[in-house]
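One letter stands for each residue in the lines below.
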Amino acid sequence: MSPTYDVLIIGSGASGGMAAYTLAQKGVNCLMLDAGPEVDFTRDRSLKRVYDLPYRGFGRPGQFPHVTQASEFTANVWADEKQNPYTYDPNDPYYWVRIRLVGGKSLFWGRASWRLSDYEFKCKDHDDFGDNWPIGYSDLAPYYDRVEPLFRVSGRKEGLPQLPDGVFIEDNSVDSESVKRFVKSCAAVGIPTTKGRRATGQFASSVNLLLPDALASGNLTLVSNAVVRNITVDRNTGLVNGANFVDRRSKREMHAKARVVMVGASCLESTRLLLNSGIANSSGVLGHYLFDEFYVKNIVQAIVPELRNGSGRHGVIRGGGYIPRFRNLKTREKNFIRGYAVDFGSGGTPDPTYFPLYGEALQKEVNACKEAGFEMTAMGEVLPRFENHVRIDPNVQDAFGIPALHIQARYSDNEHAMARDAMDTLDERCRAAGFEVLVKHSQMVPPGESIHELGTCRMGDDPKTSVLNKWNQSHDVKNLFVVDGSSFVSGGSQNPTLTILALSMRSSEYVAAQLRSGNL
Amino acid sequence: MSGAEQQPATPKAARAPIDETPTLQIATTDSAAETVEHYFSESQFQVLERLSDIIAPPISGVPGALAAGVPAFLDFLTSQSSAHIQNLYRDGLDALNHQAQSRFKTDFKGTTASQADEILAPLRKPWTYEAPAEPLQAFLVLAKGQILQGTVNSREWISVVSKRDRRASGLGTYWHTID
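Residues numbered from 1 in each chain as written. Chains lettered and ligands numbered in written order. Predicted model: local features only at pLDDT ≥ 70, side-chain atom pairs only at ≥ 80, totals over all residues. Heavy atoms only, no water.

## Some words on the pairing of strand β16 (residues 389-397) of chain A
Short version of the rule: Two strands pair under a simple rule: DSSP has to find at least two bridges between them. A run of H or I in DSSP becomes a helix once it reaches four residues, and a run of E becomes a strand once it reaches two; helices and strands are each numbered from the N terminus.
Across six bridges, β16(A) lies against strand β17 (residues 403-408) of chain A in antiparallel orientation. In the strand pairing of β17(A), A:His389 is matched with A:Gln408.

## Here we look at the packing of helix α4 (residues 137-150) of chain A against helix α11 (residues 497-516) of chain A
All names here are of chain A. So the rule is basically this: The axes used here are C-alpha line fits, helices contributing only the stretch in contact, and every angle between their N-to-C directions lies in the interval 0 to 180 degrees. In these notes the angle categories are as follows: under 35 degrees is roughly parallel, over 145 is roughly antiparallel, 65 to 115 is roughly perpendicular, and the rest is oblique. It only takes one pair of heavy atoms within 4.5 Å for two residues to be counted as in contact. In the scheme used here, Gly and all other residues not listed as nonpolar or charged are polar, with Ala, Val, Leu, Ile, Met, Phe, Trp, Tyr, Cys and Pro taken as nonpolar and Asp, Glu, Lys and Arg as charged.
At a closest axis distance of 9 Å, the pairing of α4 and α11 adopts a crossing angle of 110°. Relative to α11, the element α4 is oriented roughly perpendicular. Within the contact between the two elements, α4 uses Asp139, Leu140, Tyr143, Tyr144, Arg146, Val147 and Glu148 and α11 uses Leu498, Thr499, Leu501, Ala502, Leu503, Met505, Arg506 and Glu509. Here the contact of α4 with α11 is built from residues that sort into nine nonpolar, one polar and five charged.

## Considering the environment of A:Glu293
Residues and elements named next belong to chain A. Defined as follows: Relative accessibility under 20% of the residue-type maximum defines a buried residue, over 50% an exposed one, and the middle range a partly exposed one, all with a 1.4 Å probe and only protein chains included. Any pair of nitrogen or oxygen atoms within 3.5 Å is treated as a polar contact; in protein, a donor-acceptor pairing is required on top of that, and neighbouring residues in sequence qualify only through side-chain atoms on both sides.
For glutamate 293, the location among the structural elements is in strand β12 (residues 293-303). Judged by its relative accessible area of 1%, glutamate 293 falls in the buried class. In the structure, glutamate 293 is positioned 155 residues away from glycine 448 in sequence and 8.1 Å away in space, judged by C-alpha atoms. Beyond its immediate chain neighbours, meaning those up to four positions away, glutamate 293 contacts Gly380, Val382, Ser450, His452, Leu454, Gly491, Gly492, Ser493, Gln494, Asn495 and Pro496. A polar atom in the side chain of glutamate 293 sits 2.6 Å from the side chain of histidine 452.

## Re the pattern of salt bridges
Residue and element names in this part refer to chain A. Put simply, the rule reads: Salt bridge, as used here, is a side-chain nitrogen of Lys or Arg placed within 4 Å of a carboxyl oxygen of Asp or Glu.
Following the criterion strictly, the structure yields 31 salt bridges over all chains and no others. Among the salt bridges present, the one from glutamate 253 reaches arginine 229, with a minimum N-O distance of 2.6 Å. Separated by 24 residues along the polypeptide, glutamate 253 in strand β11 (residues 253-263) and arginine 229 in strand β9 (residues 226-233) bring together distant segments of the chain. In this structure arginine 229 comes out as partly exposed when scored by relative accessible area, which is 22%. Here the salt bridges share partners, and the residues they tie into one network are Arg100, Glu269, Arg272 and Asp398.

## Considerations on the side chain of B:Ser81
With respect to the secondary-structure elements, B:Ser81 resides in the loop between α3 (70-79) and α4 (83-104). Engagement of the side chain of B:Ser81 in a polar contact is seen with the backbone oxygen of B:Leu77, the distance being 2.8 Å. The contact partners of B:Ser81, leaving out residues within four places of it in the chain, are A:Pro61 and B:Gln86.

## Observations regarding the sheet that holds strand β6 (residues 169-170) of chain A
Backbone-to-backbone hydrogen bonds pair the strands of a sheet. The strands run either parallel or antiparallel. Residue and element names in this part refer to chain A. Taking strand neighbours across the sheet as the criterion, the three strands line up as β6-β5-β7 in an open arrangement whose pairing is mixed. Lying at the two open borders of the sheet, with one neighbouring strand each, are β6 and β7 (198-199). Sheet analysis places strand β5 (residues 153-155) next to β7, joined by two bridges and oriented antiparallel. Opposite valine 153, over in β7, you have alanine 199 as the bridge partner.

## Description of the packing of aromatic side chains
Basically, it comes down to this: Planes of paired rings set the category: under 30 degrees apart is stacked, over 60 is edge-to-face and the rest tilted, where pairs are Phe, Tyr or Trp rings (Trp by its six-membered ring) whose centres lie within 6.5 Å. Placement of a charge over a ring requires the Lys NZ or Arg CZ to be within 6 Å of the ring centre, with the centre-to-atom vector within 35 degrees of the ring normal.
Using the criterion set out here, one finds 28 aromatic pairs over all chains in the structure. Their ring planes at 80° and their centres at 5.6 Å tell us that A:Tyr289 and A:Phe386 sit as a pair that is edge-to-face. Placement of A:Tyr289 in the loop between α8 (267-277) and β12 and of A:Phe386 in the loop between β15 (373-381) and β16 is noted, with a sequence separation of 97 residues between them. Residue A:Tyr289 is classed as buried on the basis of its relative accessible area of 16%. Pairing A:Phe374 with A:Phe435 gives two aromatic rings, centres 4.6 Å apart and planes at 40°, and the pair type is tilted. Highlighted residues: A:Phe374 in strand β15 and A:Phe435 in the loop between α10 (413-432) and β18 (436-440), separated in sequence by 61 residues. Neither A:Phe374 nor A:Phe435 differs from the other in exposure class; each is buried. What links up through ring pairs into an aromatic cluster is the set A:Phe41, A:Phe108, A:Phe203 and B:Trp175. Here the guanidinium or amino end of A:Arg56 rests over the ring plane of B:Phe73, the centre of that ring lying 4.7 Å away. The ring of A:Trp96 carries A:Arg98 above its face, with NZ or CZ at 4.1 Å from the centroid.

Geometry only, nothing functional implied.
Written out as structure tokens, the structure is:
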């Protein structure tokens, strides 16, 4: 007879990994199920020349219509879209980017690590749109304080209320001259800048920072290739008691038992699982309030003119930085609410397709601009709106017979206005810094492409308008917790992983305490 | 046999004992054979060759698109692409021939450099994020990007340029099937 675990954790990425890390070290006996196989970093990757790949680096046409991040080098790490289908209205494409491996997306994330502030947690108080979170910054700050050293986050303290400082490996590196000029250009109009804040180290993933300690405690059993079909419910108590899953390789149907279930399968997979289980939705909002962060990639591509023709002096290029949100902090300044952030970088050669040239003239211009580029990407807040949602598509199932998601998401006028403002503002700042603007645009990537999907299982104090309470605990089923980005009420313009990690740690400590006191 | 055993004149690579699992040295297809073009018609392929040479000519000893085998590669790639891309290519290549005939009474392959420049005027319009609405311009923008990428990703281009620039090695971390 199989054991009954204290906690079943579904998913092994940032949120599931942090749950296992926290619970197992507190003596809680955990079972973790992940839908994918484990990665063997020695066996599963090797160096290859691009011309030795079957498609010369282009990739097999049509293999990943929604994963612009995929290359022929990385094609085997992304979830197969045919095995794992989803649907959307053709007029509203959604790019759902997934990885099904032990460690999840934490294996390949960009590592940007920003705290949210009360401009996000208490957003409704600032502009009367949407809803506040059931927690404030002060509730999460102690957990941010512990996650940052664990992930070895580097950064520079600035004292900005919209971007709280953290426990950083101090980044006191000297900016290159081109970065200094851009920073000065921004400061002249009151736009703040800072260094990037990133998890450092050779590798910064659940599989090297979280799961090893959990396993070493002896309190974690990790099972890979376990595709969870649904969470099971004890009909007598109404409490969840485990999950049905299918072994990915053999298709064998299995059931695992636990006293508590914590779901961290990634934002939309977690909500899909709850919808397919028919639980935690007395409010009717499960699946609703889907949002992410929009990206305008290479919103401005500029040239540092003194670097043309390789004439730049040492120290003029390299490095970069970050513009935190600066719009609508104290007053309503523009024709949109909320704000956007910007990543900027110095160096690199502009893409040849930007130049309206070909042949020798093109090559001459590309050579002239070699390593003279200055580029930036804007990342803006997408408003959480009820009508952007996911639901089960009754006509489509995945390779395991599990009903697939239909995703309905569309940007509003607010996001479009924000993107245009970002383009105009950054164009102006580049010119003020003395750069040549090569191209600019305000075209947002399709919803989902930023891989920052959030919401659909949101927290709140009111069980009628939210799915989870302030501990990421289901209002309806007290031994069910959802600890990933689906729990977000709003997201700001900051990358969400650091907040997901902090929320999961906080919720997991609550679960451990409740188990100890016999409340779960 | 009398006397000492005869040894081979040139020692071969050490052979693994027959009871070990061998790792055989396998050549890539491109290094041993040529693509058999089959997708584009002969006239379309000739236009693609001329266009490739115009967009990415050999410069200062660096191989261009023709030496990199780009037309044959794009014939293969397009054959596996979506109907939208296939139509864009076929119609675009036909359009270049049509324009050459109507303007200069020759096919695109036979145009002079200045005549080809006139026909390729859409390529000198400013870059836009969205693909251009006009089909010929959309084709030319797509083809330009693919011809350039096909060239710089080729063995021929990399083997020359990597000797001058270590960043042009074409090396990347390849992920095998994980199971």
